[in-house]
Amino acid sequence: MCEPVFPRQSYHLDFPTEQVDTMLLVMDVGNTNIELGVYDKRHLKHHWRLHTNRNMTEDEYAVNIKNLFREVGVSASQIDGVAIASVVPPLKHVLEKMCHKHFDIRPLMIGPGVKTGLNIKYENPREVGADRIVNAVAAIQLYRTPTIIVDFGTATTFCLVDHKGDYLGGMIAPGIGVSIEALVNHAAQLTRIELVKPEHILGKSTVKAMQSGVFYGCVGQVDGIVSRLQHEVNGEAKVVATGGLAELIGSETEMIHTINPFLTFEGLYFVYKRNQ
């Protein structure tokens, strides 16, 4: 197994870069959750998480978002731009209508035709998810290349950017939540568990054994896959983790160097800036 060549780092927001002189709403629309953030110029001022609901209308989403704004003293009229990365096709039209109707803004929807500056070496570049694209853009801007990005979401994805900044491809594996659901649904005697770091690798009860198996199974998966991907770039890639479980899993792995929970937001910011 390749050993890390960088010390593990925590994420901070103040990267030196040209700023967008606007108040920008960014939305990362996943299959389980919608992550929202508001940038005031270069600084991420607020962020929230909503449950993804494919049945909600544009008006219902607007009410929820405006309620979140109200709690921190932000009004819809202050938002100058919106950038959205969505992997849930039915919600793209809903959220686009919401932006037009309630913010009077045409949102930047990450997809074909949007300038990202990313050279995608995929058989069909249109197949690459919007979240994976903006993650790669952010990694190139914020960290040295080559870079491996690990995103812990409904799926756990691995993406590789080479020395030239080209997106070479990656891997998509079942996410931790999906794995737990599959285990519970197919084993009659197993119940749902809370995902926590086990006190000991050997579980002394069914629940603790499941927690240990799921947790260390994911840790081993990450280290094993990243080790193999490192061979594609001679072991020189910096490894960045993001997503809801990045802190929990990433802190236990041997191969992850940096944990950045807002990597997708940063990518949306950079892509929005590039398209202005």
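The numbering scheme is per chain: residues are counted from 1 as the chain's sequence reads. In keeping with the model being predicted, local features are shown solely for residues with a pLDDT of at least 70 and side-chain atom pairs are shown and tallied solely at 80 or more, while totals for entire chains, interfaces and linings include all residues. In computing side-chain properties, one takes all heavy atoms of the structure into account and sets aside hydrogens as well as water.

### Observations concerning the overall build of the protein chain
Next, step 1: Secondary structure counts use DSSP, requiring at least four H or I residues in a row for a helix and at least two E residues in a row for a strand, with both numbered from the N terminus. Helices and strands together make up the secondary structure of the protein chain, namely seven helices and eleven strands.
Next, step 2: It is over C-alpha atoms that the radius of gyration is taken, and the globule rule equals 2.2 Å times the number of residues to the power 0.38. In summary, the protein chain has a C-alpha radius of gyration of 19 Å against a globular reference of 19 Å for 276 residues, a match within 12%.
Next, step 3: Here the C-alpha coordinates of the protein chain stretch approximately 55 × 45 × 35 Å along the principal axes.
Next, step 4: Contact criterion: two residues are considered in contact whenever any of their non-hydrogen atoms come within 4.5 Å of each other. Contacts in the protein chain between residues far apart in sequence, at least 24 positions, make up 61% of those at least 6 positions apart.
Next, step 5: With the model as given, the accessible surface of the protein chain reaches about 13,500 Å², and the carbon-plus-sulfur share is 49%.
Next, step 6: By the counting scheme adopted, Arg and Lys are positive, Glu and Asp are negative, and His together with the chain ends is not counted. Charge coordinates come from a single atom per side chain, which is NZ of Lys, CZ of Arg, CG of Asp or CD of Glu. Treating the 26 positive side-chain charges of the protein chain as one cloud and the 30 negative ones as another, the clouds have centres 2 Å apart. A 1.4 Å probe and the Shrake-Rupley method give the accessible areas. Residues count as covered only by the protein chains that appear here.

### What to know about unusual backbone geometry
Next, step 1: Here the residue pair T145 and P146 is connected by a cis peptide bond, since its omega of 0 degrees sits within 30 degrees of zero.
Next, step 2: Along the chain, P146 falls in the loop between α3 (130–142) and β7 (147–152).
Next, step 3: One non-glycine residue, K41, lies in the positive phi region at around 60 degrees.
Next, step 4: We note that D104 has phi near 55 degrees; this positive angle belongs to a residue other than glycine.
Next, step 5: Checked against the element boundaries, D104 lands in the loop between α2 (89–103) and β5 (108–109).
Next, step 6: On the basis of relative accessibility, which here comes to 70%, the residue D104 falls in the exposed class. For every residue, the accessible area obtained with a 1.4 Å probe (protein chains only) is divided by the maximum for its type, and the residue is called buried under 20%, exposed over 50%, and partly exposed between those limits.

### Considerations on the pairing of strand β4 (residues 81–86)
Next, step 1: Of all six residues that make up β4, six are buried, and the element is covered over most of its length.
Next, step 2: Burial along β4 is two-sided: G81, A83 and A85 facing one way and V82, I84 and S86 facing the other are all buried.
Next, step 3: Only strands that DSSP links by at least two bridges are regarded as paired with each other. Sheet topology note: the strand β1 (residues 23–29)/β4 ladder contains six bridges and is parallel. Considered in β4, the bridge of L25 is made with V82.
Next, step 4: The sheet contact formed by β4 and β5 spans two bridges and is parallel. Each bridged residue has a counterpart across the sheet, and for I84 the counterpart in β5 is M109.
Next, step 5: Look down the strands so they point away from you; if the path from the first strand over the helix to the second goes clockwise, the crossover is right-handed. In terms of handedness, the path from β4 via α2 over to β5 forms a crossover that is right-handed.

### Re the confidence of the model for the protein chain
Next, step 1: Scored between 0 and 100, pLDDT is the confidence that the predictor attaches to each residue. For the protein chain, per-residue confidence averages 89 on the pLDDT scale, and residues scoring 70 or more make up 92% of the total.
Next, step 2: Every residue in residues 1–17 is under pLDDT 50, and counting partners more than four places away or in other chains gives 48 contacts.

### As for the sheet that holds strand β11 (residues 258–259)
Next, step 1: Ordered by their spatial adjacency, six strands build an open sheet running β6-β9-β8-β7-β10-β11, and the pairing between neighbours is mixed. Edge strands, defined here as strands with exactly one partner in the open sheet, are β6 (119–120) and β11.
Next, step 2: As judged from the six bridges shared by β7 and strand β8 (residues 155–161), these two strands associate in the antiparallel manner. Of the residues in β8, the one forming a bridge with T147 is V161.

### Some words on the nonpolar core
Next, step 1: By nonpolar core we mean a set of buried residues, namely Ala, Val, Leu, Ile, Met, Phe, Trp, Tyr and Cys, connected to one another through side-chain atoms within 4.5 Å. Formed by 34 residues in total, the largest nonpolar core has its most connected members in I110 and Y167.
Next, step 2: Listing elements by their share of this core, those giving two or more residues are β1, β4, α3, β8 and α7 (263–274).
Next, step 3: Broken down by element, the residue count for this core peaks at eight residues, all from α3.
Next, step 4: Non-local contacts of I110, meaning those with residues more than four positions away in its chain, are made with I84, A85, A130, V134, L268 and V271.

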